Amino acid sequence: MSLTLLNGWVTQARYCLSPHFNHRPLNEVSLLVIHNISLPAGCFGLPYIDQLFQGKLDIQADDSFKELQGLEVSAHFLIRRDGELVQYVSCDDRAWHAGVSLFEGRSQCNDFAIGIELEGTDLEVYSEQQYTQLIELTKSLMCQYPKITPNRVTGHSDIAPGRKTDPGASFDWQRFKMAL
């Protein structure tokens, strides 16, 4: 299955628009960053990731959410455990996913990166559906944005070492890169 991009939006994705984005300063897309997320930690299939990226998270819903109060964060995409693809921000805009980051000597990776969140944790194996969707999405993004090459696909842990650990030891980089 090939995914179609139109004006930075994947037409096959479910859209869940985030207000947490702005325009790319140089209109450059040349990096893909793989993340993981679960809310609460280790819990899947709940509505809280969408709510977080929309700025609508009820911090009373779980004790661990209190630390997220006022957080303005987003990614371009989320791939849920069942393979559902959710898009929050146009790929042509800057989502707020990388934070303080550095890739090949260049800081502020949000300026030139697309962020993909996998619903998961550092230690739990990702699903077959997630790998299938991630591979198809990555191939489609590489076609649309040719500056993204296999060498310019990285983990959050690689651009923010010591601060971030995702996508974690459970992510099979060899499998993923071989499929590209």
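These numbers were taken from a predicted model, which means no experiment stands behind them.

With respect to the layout of surface pockets
The computed volume of the largest pocket comes to approximately 700 Å³. Residue assignment for the lining of the largest pocket shows that the elements contributing at least two residues are β5 (31-37) and α1 (48-54). For the lining of the largest pocket, the leading source of residues is β5, giving 3 residues. When its residues are assigned to classes, the lining of the largest pocket shows 12 nonpolar, 11 polar and 7 charged.

Here we look at the pairing of β5
Counting buried positions along β5 gives 7 out of 7 residues, so the element sits mostly inside the fold. Sheet topology places β5 next to strand β11 (residues 113-119); 7 bridges connect them, and they run parallel. Note on β11: the bridge partner recorded for I37 is E119.

Quick look at the side chain of S38
Relative to the assigned elements, S38 resides in the loop between β5 and α1. Exposure remark for S38: the relative accessible area of 12% places this residue in the buried category. Of the polar contacts made by the side chain of S38, one reaches the backbone nitrogen of G42; its length is 2.8 Å. Among all residues touching S38, those that are not within four sequence positions of it are C43, F44, I49, G120 and T121.

Digging into unusual backbone geometry
The amide bond that connects L39 to the next residue, P40, takes the cis arrangement and shows omega of -15°. Mapped onto the elements, P40 comes out in the loop between β5 and α1. The linkage connecting D166 with the following residue, P167, adopts the cis geometry, with an omega of 10°. Of note, P167 is situated in the loop between α3 (156-159) and α4 (173-179). One non-glycine residue with positive phi stands out, namely N7, at about 55°. In the Ramachandran plot, Q108 falls in the positive-phi region, its phi being about 55° despite a non-glycine side chain. Tracing the backbone through its elements, the reader meets Q108 in the loop between β10 (106-107) and β11.

Observations regarding the pattern of salt bridges
On inspection of all chains with the given rule, the structure shows 10 salt bridges. D50 is the partner of R80 in a salt bridge, and the nearest nitrogen-oxygen pair spans 3.7 Å. Here R80, found in the loop between β6 (77-79) and β7 (85-87), pairs with D50, found in helix α1; they are 30 residues apart in sequence, far enough to count as distant. Judged by relative accessible area, D50 falls into the buried class, the value being 10%. Put simply, E104 and R152 hold a salt bridge, and the shortest N to O gap is 3.0 Å. Residue E104 is found in the loop between β9 (102-103) and β10, and its partner R152 is found in the loop between α2 (128-144) and β12 (153-155); the two are separated by 48 residues along the sequence. Its relative accessible area of 63% is what places E104 among the exposed residues. Classification of R152 as buried rests on a relative accessible area of 17%. Each member of the salt-bridge network shares a partner with another, and the members are R14, D50, R80, E84 and E119.

What counts, and where the lines are drawn
Residues numbered from 1 in each chain as written. Predicted model: local features only at pLDDT ≥ 70, side-chain atom pairs only at ≥ 80, totals over all residues. Heavy atoms only, no water. 1 Å grid on protein atoms, 1.4 Å probe; cavity = no way out; pocket = protein on both sides within 12 Å on 5 of 7 lines; lining within 4 Å. Points joined across faces, edges and corners; volume = space filled by probe spheres on them. Helix = DSSP H or I, 4+ residues; strand = E, 2+ residues; numbered from the N terminus. Nonpolar A, V, L, I, M, F, W, Y, C, P; charged D, E, K, R; others polar. Buried < 20%, exposed > 50% of the residue type's maximum accessible area, 1.4 Å probe, protein only. Pairing = 2+ DSSP bridges. Polar contact = N/O pair within 3.5 Å; in protein donor to acceptor, adjacent residues only side chain to side chain. Contact = heavy atoms within 4.5 Å. Salt bridge = Lys/Arg side-chain N within 4 Å of Asp/Glu carboxyl O.

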